[in-house]
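A closer look at the structure
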Amino acid sequence: MDFRWSIIQGYAPLFAKGVLMTLQVSLISILIGTVIGLLVGMLRLAEVQHGAWKWPLRCLRWLSGFYVAFFRGTPLFVQIMLIHFAVMPLLVQQEHGLLISGELARTIKQDYGAFLSGTVALSLNAGAYISEIFRAGIQSIERGQSYAAASLGMNYGLTMRYVVLPQAFRRMLPPLGNEAITLLKDSSLVSAIGLAELAYAARTVAGTYARYWEPYITISVLYFSMTICLALLVSRLENKYSAPHRR
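About the criteria used
Residues numbered from 1 in each chain as written. Predicted model: local features only at pLDDT ≥ 70, side-chain atom pairs only at ≥ 80, totals over all residues. Heavy atoms only, no water. Axes fitted to C-alpha atoms, helices over the stretch in contact; angles between N-to-C directions. Helix = DSSP H or I, 4+ residues; strand = E, 2+ residues; numbered from the N terminus. Parallel < 35°, antiparallel > 145°, perpendicular 65-115°, else oblique. Left-handed = near helix turned anticlockwise from the far one by under 90°. Contact = heavy atoms within 4.5 Å. Nonpolar A, V, L, I, M, F, W, Y, C, P; charged D, E, K, R; others polar. Salt bridge = Lys/Arg side-chain N within 4 Å of Asp/Glu carboxyl O. Buried < 20%, exposed > 50% of the residue type's maximum accessible area, 1.4 Å probe, protein only. Patch = residues over 30% accessible without salt bridge, like charges linked within 9 Å, V, L, I, M, F, W, Y side chains within 5 Å. Areas by Shrake-Rupley, 256 points an atom, 1.4 Å probe, with all protein chains shown as cover. Expected span 1.5 Å × (residues − 1). Bend = angle between axes of the 7 residues up to and from the residue. UniProt positions renumbered as here; feature names shortened; annotations may be inferred. pLDDT = per-residue confidence, 0-100. Phe/Tyr/Trp six-rings, centres within 6.5 Å; stacked < 30°, edge-to-face > 60°.

Before going further, it helps to examine the packing of helix H2 (residues 12-45) against helix H3 (residues 54-73). Helix-helix packing is characterised by the crossing angle of the two axes and by the distance between the axes. Axis separation between H2 and H3 bottoms out at 9 Å; the angle between their running directions is 130°. Classified by the angle their axes make, H2 and H3 are oblique. For the pair H2 and H3, the crossing hand works out as left-handed. Along its contact with H2, which presents Ile 36, Val 40, Leu 43 and Arg 44, the element H3 presents Leu 57, Leu 60, Arg 61, Ser 64, Gly 65, Tyr 67 and Val 68. Looking at the contact of H2 with H3 residue by residue, the class counts come to seven nonpolar, two polar and two charged.

Quick look at the structure:
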């Protein structure tokens, strides 16, 4: 195998920009996905037996259940295409955008269209998986602790904040770390809509030289390095937050 380092050296700035874009999209998506997952997970666990909120809450729980089922049951690639070519043009359009229109919509579409679509798709996908992680983590905490908190006068929000979530977080760290690593690797799919991240850089180099060993081995090493660093970070967090249980 004739591996030409000169190809990689010539496109080093492109790969560097690809790494930064990959990290940026992944970080933003995992943060937004975590917020979505927490809200959806708690919503699916909320119960109101009586009162005016009984039926609205049931409708919201049904919608959240459909959201989770849809984004877990369809390919991420299809979700990216659907959001970029169908959903975003409805919301952000120069003439009749439902959310943004006019000159601002044109600027966003031209300069940030692929980034916005990719981030939205990855965030929604991550949110669906993370919501199940939160739901399982919260349900793993004994109900007796919630009852004890209620007997002390703590409402639902305070109980979740100070009693349930801190304990559940320790148990959720490993699956949350796995989801972050999966999202980092799956961010390569947004190259299909033109976002200049690592996979896009590799495809550009391969198309220029008609050679595939150099660009794809390079991004494999870069992805591997990033996932290893992320796995080490998660491992340190696990050791930090699980330390009290080992004493």
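As a further point, take the pattern of salt bridges. Under the definition given, this model contains five salt bridges. For Arg 44, the salt bridge is made with Glu 132, and the minimal N-O distance between the two is 2.6 Å. On the criterion of sequence distance, the pair formed by Arg 44 in helix H2 and Glu 132 in helix H5 (residues 103-139) is long-range, its members being 88 residues apart. Salt-bridge contacts for Arg 106 lead to Glu 103; the nearest nitrogen and oxygen are separated by 2.2 Å. Of this pair, Arg 106 and Glu 103 are both found in helix H5, three residues apart, which corresponds to roughly one turn of the helix. Residue Glu 103 is classed as partly exposed on the basis of its relative accessible area, which comes to 47%. Each of the salt bridges in this network shares a partner with another, and the network as a whole consists of Arg 44, Arg 72, Glu 132 and Arg 135.

Now for a nonpolar patch on the surface. Residues Leu 60, Trp 62, Leu 63 and Phe 66 make up a contiguous nonpolar surface patch of roughly 460 Å² in combined accessible area. The topology assignment puts Leu 60 in helix H3. Using a relative accessible area of 39% as the deciding quantity, one classes Leu 60 as partly exposed.

This part takes up helix H7 (residues 156-186). For H7, which comprises 31 residues, the first-to-last C-alpha distance of 36 Å sits more than 12% below the rise-based estimate of 45 Å (1.5 Å per residue). Of all bends in H7, the biggest is about 50°, found at Met 172, and the proline Pro 174 comes one to four residues later.

The sites that UniProt annotates as "transmembrane region" (unreviewed entry) are residues 20-45, 66-92, 112-134, 146-164 and 216-237. Between the C-alpha atoms that bound residues 20-45 there is a distance of 37 Å. The span itself is 100% helix and 0% strand. Taken end to end, residues 146-164 is 79% helix and 0% strand, and its two terminal C-alpha atoms sit 7 Å from one another.

Relative to the assigned elements, Ala 199 resides in helix H8 (residues 198-209). Residues Ala 199 and Thr 218, spaced 19 residues apart in sequence, show a C-alpha to C-alpha distance of 10 Å. Those residues in contact with Ala 199, other than ones at most four positions away along the chain, are Ser 188, Ser 191, Ile 219 and Tyr 223.

When pLDDT is averaged along the chain, the result is 88, and 96% of the positions lie at 70 or above. Confidence, read as mean pLDDT per element, is least for helix H6 (residues 143-151) in the chain (81) and greatest for helix H4 (residues 76-91) (94).

The backbone phi angle of Ala 210 is positive, close to 55°, even though this residue is not glycine. Counting through the fold element by element, Ala 210 comes out in the loop between H8 and helix H9 (213-246). For Ala 210, a relative accessible area of 58% gives the class exposed.

Turning our eyes to something else, we now look at the packing of aromatic side chains. Applying the stated criterion across every chain yields a total of six aromatic pairs. Here Tyr 11 and Tyr 209 contribute two aromatic rings whose centre-to-centre distance is 6.0 Å and whose plane-to-plane angle is 85°, an arrangement assigned as edge-to-face. Linking Tyr 11 in the loop between helix H1 (5-10) and H2 with Tyr 209 in helix H8, this pair joins segments that are 198 residues apart in sequence. For Tyr 209, a relative accessible area of 40% translates into the label partly exposed.

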